[in-house]
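Chain and residue survey
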Amino acid sequence: MASPKKQLIVFDFDWSMADQDTDRWVFEVLAPDLRRKMKTLKDEIQWTDLVAQSLREAHSRSITKEQIIHALQIMPYHPAMVRAVTSLKNRGETTFLCLSNANSVFISTILESKGLQSLFEEIITNPAEWDPSGLLKLRRRVDPDGPQHSCAVGCSPNMCKGEELEAFLSRKGVEFDQIAYVGDGTNDFCPILRLRSHDTVFCRTNRGLQKRIHKEGEEKGLKCKIEYWGGAWEIEEKFSQL
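Residues numbered from 1 in each chain as written. Predicted model: local features only at pLDDT ≥ 70, side-chain atom pairs only at ≥ 80, totals over all residues. Heavy atoms only, no water.

**Some details on the overall build of the chain**
- Looking only at helices and strands, one finds 10 helices and 8 strands in the chain.
- Relative to its length of 242 residues, the chain is compact, with a C-alpha radius of gyration of 18 Å against a globular reference of 18 Å.
- Its C-alpha atoms give the chain principal-axis dimensions of roughly 60 × 35 × 35 Å.
- Within the chain, the fraction of its 242 residues that count as buried is 50%.
- Once local pairs closer than 6 in sequence are excluded, the contacts in the chain between residues at least 24 apart make up 68%.
- Element-wise, carbon and sulfur atoms account for 48% of the exposed surface of the chain, whose accessible area totals about 11500 Å².
- The centroid of the 33 positive side-chain charges in the chain is displaced by 1 Å from the centroid of its 35 negative side-chain charges. (Helix = DSSP H or I, 4+ residues; strand = E, 2+ residues; numbered from the N terminus. Rg over C-alpha atoms; globule rule 2.2 N^0.38 Å. Buried < 20%, exposed > 50% of the residue type's maximum accessible area, 1.4 Å probe, protein only. Contact = heavy atoms within 4.5 Å. Areas by Shrake-Rupley, 256 points an atom, 1.4 Å probe, with all protein chains shown as cover. Lys, Arg positive; Asp, Glu negative; His and termini not counted. Charge placed at Lys NZ, Arg CZ, Asp CG, Glu CD.)

So this is what it looks like as structure tokens:
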């Protein structure tokens, strides 16, 4: 009897698993002027550092931990995505990995609100923690004062998703029969270059990843299969066929 197929599903989070960008959403809900300031400064300050700075400013205005948690809990997240991942996990033999430039508190808060706190084997992202005063302290995954990643494809300084995916596969020590990557942004291009010809990227349409695939995919040697989707109901359809 053939052994069950082992598969790995890798998820970006913002605009891939969730239907919003966590970093931007929190400030749009609680402090729109800070969101405008972030938009103005995004080309001058590294993004993770900018979010950390904005969280400090929000805290200085007495925006509370409870307000931030509530904003995350009401962030758009499609029921079809909950069904899609729950159904696939319940079938067994599928490992889920989250690979995101958001942060650990934002992601875990949202997952818990959807009953998905045990979905991922690992959540690889920027570390964050609440301090006793209610400030959410955020830092880059790759410390700016330590050794830097060696990405040549254009990942942000805080994390190279391609290197992180390869490190996870090495730690796991499992030869997955199939890897599927669900992503949308330009920083998802690097990890999908590591996928094999029988692996699949589920690319959200009309966002940065699709543009990079069209512009650079052939030149950079992209091997994996590409399937496009626009809404979570389509991911539910596609996952039912895995």
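**A short note on the UniProt feature "active site" (unreviewed entry) in the chain**
- Residues given the UniProt feature "active site" (unreviewed entry) here are Asp12 and Asp14. The subset of these annotated residues that lines the largest pocket comprises Asp12 and Asp14.
- Among the structural elements, aspartate 12 can be located in the loop between β1 (7-11) and α1 (22-30).
- Relative accessible area serves as the criterion here: at 5%, aspartate 12 is assigned to the buried category.
- Dropping the residues within four chain positions of it, aspartate 12 is found in contact with Met17, Leu99, Ser100, Lys161, Val182, Gly183, Asp184 and Asp188.
- Looking at aspartate 12, its side chain comes within polar contact range of the side chain of serine 16, at 2.9 Å.
- Looking at where aspartate 14 falls in the secondary structure, it is placed in the loop between β1 and α1.
- On the basis of relative accessible area, aspartate 14 is assigned to the buried category, the value being 10%. (UniProt positions renumbered as here; feature names shortened; annotations may be inferred. 1 Å grid on protein atoms, 1.4 Å probe; cavity = no way out; pocket = protein on both sides within 12 Å on 5 of 7 lines; lining within 4 Å. Polar contact = N/O pair within 3.5 Å; in protein donor to acceptor, adjacent residues only side chain to side chain.)

**So, the nonpolar core**
- Within the largest apolar cluster, 51 residues are counted, with the highest numbers of intra-cluster contacts made by Phe11, Met17 and Phe239.
- If you tally residues by element for this core, the top one is helix α3 (residues 47-60), at 6 residues.
- Leaving out residues up to four positions away in the same chain, phenylalanine 11 has contacts with Ser16, Met17, Met81, Val85, Phe96, Leu97, Cys98, Leu99, Phe120, Val182 and Phe239. (Core = buried A, V, L, I, M, F, W, Y, C linked by side-chain atoms within 4.5 Å.)

**Re the side chain of threonine 109**
- Here threonine 109 shows up in helix α6 (residues 104-113).
- Here threonine 109 falls in the buried class, since its relative accessible area comes to 13%.
- At 2.7 Å, the side chain of threonine 109 and the backbone oxygen of valine 105 are in polar contact.

**Remarks on the UniProt feature "binding site: Mg(2+)" (unreviewed entry) in the chain**
- As recorded in UniProt, the sites labelled "binding site: Mg(2+)" (unreviewed entry) are Asp12, Asp14 and Asp184. In terms of the greatest pairwise C-alpha distance, the residues named above, spread along 173 residues, form a tight cluster of at most 8.3 Å across. Of the annotated set, the members that line the largest pocket are Asp12, Asp14 and Asp184.
- The contacts of aspartate 184, once residues within four sequence positions are left out, are Asp12, Asp14, Trp15, Ser16, Arg204, Arg207, Gly208 and Leu209.

**Notes on the sheet that holds strand β2 (residues 94-103)**
- Reading across the sheet, the 6 strands line up as β3-β2-β1-β6-β7-β8 and stay open at both edges, with parallel pairing between neighbours. The two strands at the open ends of the sheet, each matched to only one other strand, are β3 (122-126) and β8 (225-229). Each neighbouring strand pair of the sheet contributes to a mean axis angle of 15 degrees, computed without reference to strand direction.
- The pairing of β2 with β3 spans 4 bridges and is classified as parallel. Pairing of leucine 99 across the sheet is with isoleucine 124, part of β3.
- In the packing of α6 onto the sheet, the strands contacted are β2 and β3, and the crossing angle to β2 comes to about 130 degrees. (Pairing = 2+ DSSP bridges. Axes fitted to C-alpha atoms, helices over the stretch in contact; angles between N-to-C directions.)

**Some details on helix α7 (residues 161-172)**
- Over its 12 residues, α7 extends 16 Å from the first C-alpha to the last, a length consistent with the 16 Å expected when each residue adds 1.5 Å.
- Of all the residues in α7, the buried ones are Lys161, Gly162, Glu164, Leu165 and Phe168. Buried residues along α7 cover an arc of 165 degrees about the axis, so they all sit on one side.
- On the buried face of α7, the contacting elements are β1, β2, β3, β6 (178-183) and α8 (189-192).
- Glycine 173 occupies a position one or two residues after α7 and carries a positive phi of about 65 degrees. (Expected span 1.5 Å × (residues − 1). Arc of directions from axis to C-beta.)

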